[in-house]
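Chain by chain, the residues run as shown.
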Number of protein chains: 2
Amino acid sequence: MKKERQSMLTQRVQDNPFLTDEELSEIFSVSIPTIRLDRLELGIPELRERIKNVAAENHSKVKSLHSREIIGELLDISLNKKAISMLETDNSMVFEKTKIVRGNFIYSLAESIAIAVIDAQVALVGVANIKYKIPVYAGSKLIARAEVRRIKENNFMVWVKITEKQMEVFRGKFILVAIK
Amino acid sequence: MKKERQSMLTQRVQDNPFLTDEELSEIFSVSIPTIRLDRLELGIPELRERIKNVAAENHSKVKSLHSREIIGELLDISLNKKAISMLETDNSMVFEKTKIVRGNFIYSLAESIAIAVIDAQVALVGVANIKYKIPVYAGSKLIARAEVRRIKENNFMVWVKITEKQMEVFRGKFILVAIK
């Protein structure tokens, strides 16, 4: 039974490296310490490590930015189509008074993925229409999804939606220009 | 003649603390070293110091942000009306490949002044429509001017224009919400 679970666990994590130990414990109806033990025995690194590995792989696909210029961890990317990144917000990003994450950090996450998704050596934002829908606090995990909606010669229209726990907190439409 | 010039120079700098030594030398048709000597004798600090002094005075007028949360030097502010700030861009702000200043630094300057100008303890950006008009390089001095165009209950519409050497490089319309 343990063997069976461990083989399924390996498969599951391969399919979706972003499953938390908690989610895995629910899938297999075992405790979180059991999942941790399984991971140890199977040599599956913890979530944070898995995210880093995936991000490093994805970084190498990006043309328009150097990897250290990308804001957040790049979870998935398909050039000129779509990309997903993640940013964990912390106390250095918030307004002192309200502890709400400053808009410019959210904007930077969105702008960064909008540029990264473009299949060009250089891509610059020309226009952006953005909307902050729900305030975000330190400690939240923001998932940014970029989708290239239109390509016309050197012009790209990219939509970026940022969610926290499935709730949309931000959306933006970016018009970018690729420069040769 | 020297006395007369020095008395006029004091007046000029009081009226406009942002005059450079070069500009002053043109105004009085003397060399830049002469202006420097005049300043030394009159105890008028150099431009950078004068900007810092003005910025510190202005910081204390801002309600919606702590002074260290303001991006750039705050050159002038009149709450719920208008504000001016300045940012000197440097190499830490540019894309490696092109040396063009990253959009998010320009956005942050604009967002910061749009929030600072609001006469409220807390102001959050809801919507922003922005346009980058000309690429900016490291070492440029960006002047951001915010103007409150409409106030309707807790909603504020603020226009921000950023120029470099009189050229408009960015403009944005921000809709902010003040929270009590």
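Residues numbered from 1 in each chain as written. Chains lettered and ligands numbered in written order. Predicted model: local features only at pLDDT ≥ 70, side-chain atom pairs only at ≥ 80, totals over all residues. Heavy atoms only, no water.

Trainee: Mind laying out the packing of helix α1 (residues 2–15) of chain A against helix α3 (residues 32–42) of chain A, listing which residues take part and the relevant values?
Mentor: Relative placement of two packed helices is described by the angle separating their axes and the distance separating the axes. All names here are of chain A. With their axes 10 Å apart at the nearest point, α1 and α3 run at an angle of 75° to one another. Considering their axes alone, α1 and α3 lie roughly perpendicular with respect to each other. Together, Lys2, Arg5, Gln6, Leu9 and Thr10 of α1 and Thr34, Ile35, Asp38, Arg39, Glu41 and Leu42 of α3 make up the contact between the two elements. The residue makeup of the contact of α1 with α3, split by class, is 3 nonpolar, 3 polar and 5 charged. (Axes fitted to C-alpha atoms, helices over the stretch in contact; angles between N-to-C directions. Helix = DSSP H or I, 4+ residues; strand = E, 2+ residues; numbered from the N terminus. Parallel < 35°, antiparallel > 145°, perpendicular 65-115°, else oblique. Contact = heavy atoms within 4.5 Å. Nonpolar A, V, L, I, M, F, W, Y, C, P; charged D, E, K, R; others polar.)

Trainee: A description of the relation of the copies chain B and chain A should follow, citing residues and the corresponding values.
Mentor: For these two chains of identical sequence, chain B goes onto chain A by a turn of 180° and a shift of 0.1 Å along the axis, with RMSD 0.1 Å. Taken together, the rotation and translation relating the two chain copies correspond to the operation of a two-fold axis. Judged by C-alpha distance, Asn129 of chain B is the residue of chain B that lies nearest the rotation axis, at 2.2 Å. Here 100% of the interface residues in chain B have copies in chain A that are interface residues too; the copies meet face to matching face. (Least-squares fit on C-alpha atoms with pLDDT ≥ 70 in both.)

Trainee: Just give me the short version of the pairing of strand β5 (residues 155–164) of chain A, but keep the residues and values in it.
Mentor: Residues and elements named next belong to chain A. Here β5 lies mainly inside the structure; 7 of its 10 residues are buried. Sheet analysis places strand β4 (residues 141–152) next to β5, joined by 9 bridges and oriented antiparallel. Looking across to β5, one finds that Ala144 is bridged to Ile162. Linking β4 back to β5 in an antiparallel pair, the connection comprises 2 residues, with Glu153 at a positive phi of about 55°. With 10 bridges connecting them, β5 and strand β6 (residues 167–179) associate as antiparallel partners. Its bridge partner lying in β6, Phe156 is registered against Leu176. The turn linking β5 back onto β6 is made up of 2 residues, and Lys165 within it adopts a positive phi angle of 50°. (Buried < 20%, exposed > 50% of the residue type's maximum accessible area, 1.4 Å probe, protein only. Pairing = 2+ DSSP bridges.)

Trainee: Describe in detail the interface of chain B and chain A, supporting the description with residues and values.
Mentor: With 32 residues of chain B at the interface, the matching set in chain A holds 32 residues. Here chain B and chain A share an interface that buries about 2,800 Å² over both sides, 52% of which is from carbon and sulfur atoms. Three residues stand out in chain B for area buried against chain A, namely Glu69, Glu96 and Lys97 of chain B, and they jointly supply 21% of the buried area on that side. Counting the contacts that link chain B with chain A gives 2 salt bridges. The partner of Arg68 of chain A in a salt bridge is Glu96 of chain B, with the nearest N and O atoms 2.8 Å apart. At the junction of chain B with chain A, the criterion picks out 21 residue pairs in polar contact (both at pLDDT 80 or more). Counting only elements with at least two residues in the side of chain B that touches chain A, the list comes to α5 (103–116) and β3 (122–132) of chain B. (Buried area = accessible area lost by both parts, 1.4 Å probe. Salt bridge = Lys/Arg side-chain N within 4 Å of Asp/Glu carboxyl O. Polar contact = N/O pair within 3.5 Å; in protein donor to acceptor, adjacent residues only side chain to side chain.)

Trainee: Explain the confidence of the model for chain A to me, and be specific about the residues and the numbers.
Mentor: Mean pLDDT for chain A: 94, with 100% of residues reaching 70 or above. The weakest mean pLDDT in chain A belongs to helix α4 (residues 47–59) of chain A at 88; the strongest belongs to β5 of chain A at 97. (pLDDT = per-residue confidence, 0-100.)

Trainee: Can you tell me about the side chain of Glu168 of chain A, naming the residues and giving the values?
Mentor: Residue and element names in this part refer to chain A. Here Glu168 shows up in strand β6. Using a relative accessible area of 18% as the deciding quantity, one classes Glu168 as buried. Polar contacts involving the side chain of Glu168 include one to the side chain of Lys133, which spans 3.3 Å. A distance of 2.6 Å separates a polar atom in the side chain of Glu168 from a polar atom in the side chain of Arg171.

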